[in-house]
Amino acid sequence: MVLTTASVPDQDKVAYWNDAVSRTLVPMEVAPRSEGPFDGRITTDRLGYLQVSTVEADAERVSRTPELIARSSEALVAVGVQMSGTATFVQDGRRAEVGEGDLVVYDTTRPYSFDYPQRFTTHVFQLPRRALGVSDSDIRQVTGNAIGTGDGFGAMLLPFLATLASSPAAGYPPTVADRLAGNVVELFATLIAERAHPDGTDADAPSHLVLRVRDHINRNLGDPDLSPERIARAQRISVRYLHRLFEGEGTTVGQLIRQRRLEECGRELARRGRTAPTVSAVAQRWGFVSPAHFSRSFRAAYGVSPREWRNLRTAREDLGRAPAVTSAPGIVPGTAAGGHGADRLGAGLPPSGR
């Protein structure tokens, strides 16, 4: 999408530009810094959930006020790349002089301003705040600062972002666009972490994002198409970043999905009622497409088949006590149902840690 003041009557250019910038980016107040006809052009494209815009305009001052923030429904983080001209950027009580090639990170949920003393060009990358997976405190440490790109991580990031902004996103298939957007977000998260924690320590690991992923899995266990790719898309992060989040969790995303499905199947099969559902019905309800695959997975995890599991529960209730592990069909000492898992098996629960 391209919006330009070129064909707009001179007396309407400023009002048109205010509306164009506010609709394309976020609601803002734009005031020209000089007399005479104003000239501005904004080009916008989307790369998955990442919005990429290029703004080229005459000298102006841009303000994001609390009143305008109240009109916005989504929390966004933006990264600006100053390609030509200079700017004075203010947010969170800090003032930064931004030169050509510098980056700035800003949070659209808090007031900020840009003052461009002459004609300028800047690339603006906007993404949902939640997609970053970094803490509010880390973002606040980075805002209001100009990030030089002469060396270090910024030196690598600048040409990549400049090329990305000048490449039509329409040329990418949707799956490629989503993956590329996720990689860009990872780079931005790395940039913020590098600036917020120059000593390399990050006390605020994105544990909240892990909890959100776990919650998403729990709420969608019955969806047979639940997968790392779909989870990453729903959370607006890349698949690579999703797997990285779980590196310290002692499991993988795929293993967690299977584990939670088996746990819910085990609990449902252990419940006794007048009309107990079939094993295949339980498996299907919790996302298993193939009953045979479910039975193999269940036995591998618990040491008994789903039907044997149900019979053990029925026998326990009929006898009023937990059956001895040694009498349970299919249980071999040292398998998943032995040892600590046996206590949980007798209680009608899956063995812990499975």
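Residues numbered from 1 in each chain as written. Predicted model: local features only at pLDDT ≥ 70, side-chain atom pairs only at ≥ 80, totals over all residues. Heavy atoms only, no water.

1. Digging into the overall build of the protein
Where we set the bar: Secondary structure elements follow DSSP: runs of H or I of four or more residues count as helices, runs of E of two or more count as strands, with numbering from the N terminus. For every residue, the accessible area (1.4 Å probe, protein chains only) is compared with the maximum for its type, and the residue is labelled buried under 20%, exposed over 50%, or partly exposed between those bounds. Pairs of residues are marked as contacts when any of their non-hydrogen atoms sit within 4.5 Å. Exposure was quantified through the Shrake-Rupley algorithm and a 1.4 Å probe, taking into account, for residues, occlusion by the shown protein chains and nothing else.
The secondary structure content of the protein amounts to 13 helices and eleven strands. Expressed as a percentage of its 354 residues, the buried residues of the protein come to 49%. Across the protein, contacts joining residues at least 24 apart in sequence account for 70% of those joining residues at least 6 apart. Surface exposure of the protein reaches about 17,000 Å², of which carbon and sulfur atoms provide 51%.

2. Structural notes on the sheet that holds strand S8 (residues 94–98)
Our working definition: For two strands to be treated as a pair, DSSP must find no fewer than two bridges joining them. Every angle, taken between N-to-C directions, lies between 0 and 180 degrees, and every axis is a line fitted to C-alpha atoms, over only the stretch in contact when it is a helix.
Spatially, the five strands line up as an open sheet ordered S2-S5-S10-S7-S8, and their pairing is antiparallel. Looking along the sheet, the strands with just one partner apiece sit at the ends: strand S2 (29–32) and S8. Direction aside, the axes of adjacent strands within the sheet are offset by 15 degrees on average. Bridging between strand S7 (residues 87–91) and strand S10 (residues 112–116) involves four bridges; their strand directions are antiparallel. Following the sheet pairing, Thr88 is matched in S10 by Asp115. Along the sheet, helix H1 (residues 13–24) contacts S2 and strand S5 (60–64); its crossing angle with S2, the most-contacted strand, is approximately 145 degrees.

3. Points about the packing of aromatic side chains
So the rule is basically this: Aromatic rings from Phe, Tyr and Trp, with only the six-membered ring used for Trp, were paired whenever their centres fell within 6.5 Å, and each pair was classed as stacked if the ring planes differed by under 30 degrees, edge-to-face if by over 60, and tilted otherwise.
Taken as a whole and assessed by the stated rule, the structure comprises 14 aromatic pairs. Judged by centre distance (3.6 Å) and plane angle (5 degrees), the ring pair of Tyr116 and Phe120 falls under stacked. With a relative accessible area of 6%, Tyr116 lands in the buried category. These aromatic residues form a ring-pair network of at least three members: Phe89, Tyr106, Tyr112, Phe114, Tyr116 and Phe120.

4. Looking at the pattern of salt bridges
The criterion, for reference: A pair is scored as a salt bridge if a Lys or Arg side-chain nitrogen falls within 4 Å of a carboxyl oxygen belonging to Asp or Glu.
Counted by the stated rule, this structure contains 19 salt bridges. Close ionic contact of Asp92 with Arg110 constitutes a salt bridge, the shortest N to O distance being 2.8 Å. Of the two residues, Asp92 is situated in the loop between S7 and S8 and Arg110 in the loop between strand S9 (103–107) and S10; the sequence distance between them amounts to 18 residues. Accessibility expressed as a relative area gives 27% for Asp92, which makes it partly exposed.

5. Description of the confidence of the model for the protein
The criterion, for reference: A residue's pLDDT is the predictor's confidence in that residue, given on a scale from 0 to 100.
Per-residue pLDDT for the protein averages 81, and the proportion of residues at 70 or more is 83%. Ranking the elements of the protein by mean pLDDT puts helix H13 (residues 340–346) last with 37 and S10 first with 97. Every residue in residues 321–354 is under pLDDT 50, and counting partners more than four places away or in other chains gives 56 contacts.

6. Remarks on the sheet that holds strand S3 (residues 40–47)
The six strands lie next to each other as S1-S3-S4-S11-S6-S9, forming an open sheet whose pairing is antiparallel. Each having just a single partner strand, strand S1 (2–4) and S9 make up the two edges of the open sheet. On average, adjacent strands in this sheet sit at an angle of 20 degrees to one another, irrespective of strand direction. Looking at chain direction, S3 and strand S4 (residues 50–57) are connected through eight bridges and run antiparallel. Looking at the pairing, Arg41 lines up with Glu56 of S4. Helix-sheet contacts for H1 involve S1, S3, S4 and strand S11 (120–128), and the interaxial angle to S1 is about 155 degrees.

7. Focus: the side chain of His123
For clarity, the threshold we go by: Each polar contact in these results corresponds to two N or O atoms within 3.5 Å; when the atoms are within protein, one needs to be able to donate a hydrogen and the other to accept it, and residues that are neighboring in sequence are counted only if both atoms are side-chain atoms.
Relative to the assigned elements, His123 resides in strand S11. Within the structure, the side chain of His123 is placed 2.9 Å from the side chain of Thr54, a separation counted as a polar contact. Apart from residues no more than four positions distant in its own chain, His123 is found in contact with Ser53, Thr54, Val79, Gly80, Val81, Met83, Ala162 and Ala165.

8. Brief notes about the side chain of Asp58
Relative to the elements of secondary structure, Asp58 occurs in the loop between S4 and S5. Residue classification places Asp58 among the buried residues on the basis of a relative accessible area of 19%. Reaching out from Asp58, the side chain makes a polar contact with the backbone nitrogen of Asp39 at a distance of 3.0 Å. Those residues in contact with Asp58 that lie beyond four places of it in its chain are Pro37, Phe38, Asp39, Gln118, Arg119 and Phe120.

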